[in-house]
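Chain by chain, the residues:
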Amino acid sequence: MHFLDQAKIYVKSGGGGPGAVSFRREKYVEYGGPDGGNGGRGGDIVFEAVAGLNTLIDFRYSQHFKAPRGGHGMGKDRTGASAEPLVIKVPVGTQILSEDKEEVLADFTEVGQRVVFLEGGMGGRGNASYKTSTNRAPRQHQPGMPGEEMWVWLRLKLLADVGLVGLPNAGKSTFINAVSNAQAKVGDYAFTTLVPKLGVVRHKGREFVLADIPGLIEGAAEGVGIGDRFLGHIERCRVLIHLIDITGTDDADPAEAMRIVEEELAAYGDKEHTRLDEKPRLVVLNKLDLADAELVEGFRGELLAAGAEQVFAVSGATGAGIPELLDAVLAYLPDRTATETKAVEIEDDGDAPAWSPL
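What you are looking at is a predicted structure, and each value in this text was computed from that prediction instead of being measured. (Residues numbered from 1 in each chain as written. Predicted model: local features only at pLDDT ≥ 70, side-chain atom pairs only at ≥ 80, totals over all residues. Heavy atoms only, no water.)

**Remarks on the pairing of strand β12 (residues 239–245)**
Here is step 1: Among the seven residues of β12, seven are classified as buried, and the element is accordingly described as predominantly covered.
Here is step 2: Taken together, the four bridges between strand β9 (residues 162–165) and β12 define a ladder with parallel strand orientation. Note on β12: the bridge partner recorded for Gly-163 is Leu-240.
Here is step 3: When β12 meets strand β13 (residues 281–286), the two strands line up parallel, connected through six bridges. Opposite Ile-244, over in β13, you have Leu-285 as the bridge partner. (Buried < 20%, exposed > 50% of the residue type's maximum accessible area, 1.4 Å probe, protein only. Helix = DSSP H or I, 4+ residues; strand = E, 2+ residues; numbered from the N terminus. Pairing = 2+ DSSP bridges.)

Written out as structure tokens, the structure reads:
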């Protein structure tokens, strides 16, 4: 499945049906009066967050969504049928933005969340509703209110508890494969990861979702490399894991690598009004299997001097140091994460009496 996290679509609610102009034409009914019914209500545009979707790829091929209009009013005081709403299903984590992307119109964070985004037009009045004691044969009617329409942007922000950040080739894909069920591609070249990856981590009876995003390089906030567009997928994370290659990346030692990523997180925060640089971060020296203890302690001291509160050392290839890091991650999680609340607890009803129809 192709990953797509932004899409522009056109939505239009249904217009109301027109009212009818009709008069009674029955045998033995002298001077039959008006009996034109009202028009039906137009269909609403409804967005619903559903489970099982993690991409907006369907909206690449369908960009126009129009709800049906209400039915026409008819004679014998029959009201036109109201149209069914048009339900647009989106992944959990989707935001609806205005056409200029300046305003968030809706935000879907839970499965089953529904929002009536555009209401259908009201049906028009039939001529029977205009009858009065002085206007016994009205011929006026209403055509029905038109529906609402607009262009909007859909932006997907994956829901994850923990996010991975770092320079390209810091070992993020190897790490997420080691701790979760993800099957991220691993390669010895920059930007092996082109789209965000999610994995479920299980540790000491807990479960949480870990997100791996493409690597950041200096100038990503200005669009260098892949840029910073995927940083939106870690905005909802409770804690970030900053992986740093202990062997160095593109002539950047660990302290320089930490500085580069921190500056890009701060630049993104200023632009999007979301302070990623203020989120809790766990600084991690990765590829421990390629360094000796003396080198690890030396770089640990440099990172602490550069502002890191605590530095972990792990190896995504061998698994060394990972349990201690995951222990620290658990301290930032709520009592129950989103993946844990999906499991329904079955109460013990062993003492309950056996069911009987009597």
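**Some remarks on helix α2 (residues 172–179)**
Here is step 1: Here α2 has its buried residues at Lys-172, Ser-173, Phe-175, Ile-176 and Val-179. The buried side chains of α2 occupy one side of the element, clustering within an arc of 160° when seen end-on.
Here is step 2: Among the structural elements, β9, β10 (197–203), β11 (206–212), β12 and α5 (322–330) are those in contact with the buried residues of α2. (Arc of directions from axis to C-beta. Contact = heavy atoms within 4.5 Å.)

**Here we look at the sheet that holds strand β4 (residues 86–91)**
Here is step 1: The three strands are arranged β4-β2-β7 in an open sheet whose pairing can be described as mixed. Of all strands in the sheet, those bounded by a partner on one side alone are β4 and β7 (114–118). Adjacent strand axes in the sheet meet at a mean angle of 30° when their direction is disregarded.
Here is step 2: Alignment of strand β2 (residues 45–50) against β4, held across six bridges, turns out to be parallel. From the neighbouring strand, Ile-45 faces β4, where its bridge partner is Leu-86. (Axes fitted to C-alpha atoms, helices over the stretch in contact; angles between N-to-C directions.)

**Examining the pattern of salt bridges**
Here is step 1: Under the counting rule described, the total for this entry stands at 14 salt bridges.
Here is step 2: For Arg-236, the salt bridge goes to Asp-107, with nearest N and O atoms at 3.0 Å. Here Asp-107 lies in strand β6 (residues 104–107) and Arg-236 lies in the loop between β11 and β12, a separation of 129 residues in the sequence.
Here is step 3: The class of Arg-236 is partly exposed, set by a relative accessible area of 24%.
Here is step 4: According to the relative accessible area criterion, Asp-107 is partly exposed, its value standing at 28%.
Here is step 5: For Arg-281, the salt bridge goes to Glu-262, with nearest N and O atoms at 3.1 Å. In this pair, Arg-281 sits in strand β13 while Glu-262 sits in helix α3 (residues 254–272), placing the two residues 19 residues apart along the sequence.
Here is step 6: Looking at Glu-262, the relative accessible area reads 26%, which means it is partly exposed.
Here is step 7: Within this structure, Arg-41, Asp-44 and Glu-119 form a network of salt bridges that share partners. (Salt bridge = Lys/Arg side-chain N within 4 Å of Asp/Glu carboxyl O.)

**Some remarks on the environment of Glu-99**
Here is step 1: Within the secondary structure, Glu-99 is located in the loop between β5 (94–97) and β6.
Here is step 2: Judged by relative accessible area, which is 44%, Glu-99 ranks as partly exposed.
Here is step 3: Distance from Glu-99 to Tyr-10, taken between C-alpha atoms, is 9.8 Å for residues 89 residues apart in sequence.
Here is step 4: Discounting chain neighbours no more than four positions away, the residues touching Glu-99 are Lys-8, Trp-151 and Trp-153.

**Thoughts on the sheet that holds β5**
Here is step 1: The mixed open sheet is built from five strands, whose spatial order is β3-β1-β8-β5-β6. Because the sheet does not close on itself, it has two edges, and the strands there are β3 (64–66) and β6. Between one strand and the next, the sheet's axes are offset by a mean angle of 30°, whatever the strand orientation.
Here is step 2: Pairing between strand β1 (residues 6–12) and β3: three bridges, direction parallel.

**Describing unusual backbone geometry**
Here is step 1: In the Ramachandran plot, Lys-101 falls in the positive-phi region, its phi being about 65° despite a non-glycine side chain.
Here is step 2: Locating Lys-101 in the fold gives a position in the loop between β5 and β6.
Here is step 3: Phi at Lys-287 takes a positive value of approximately 65°, unusual for a residue other than glycine.
Here is step 4: Mapped onto the secondary structure, Lys-287 falls in the loop between β13 and α4 (293–305).

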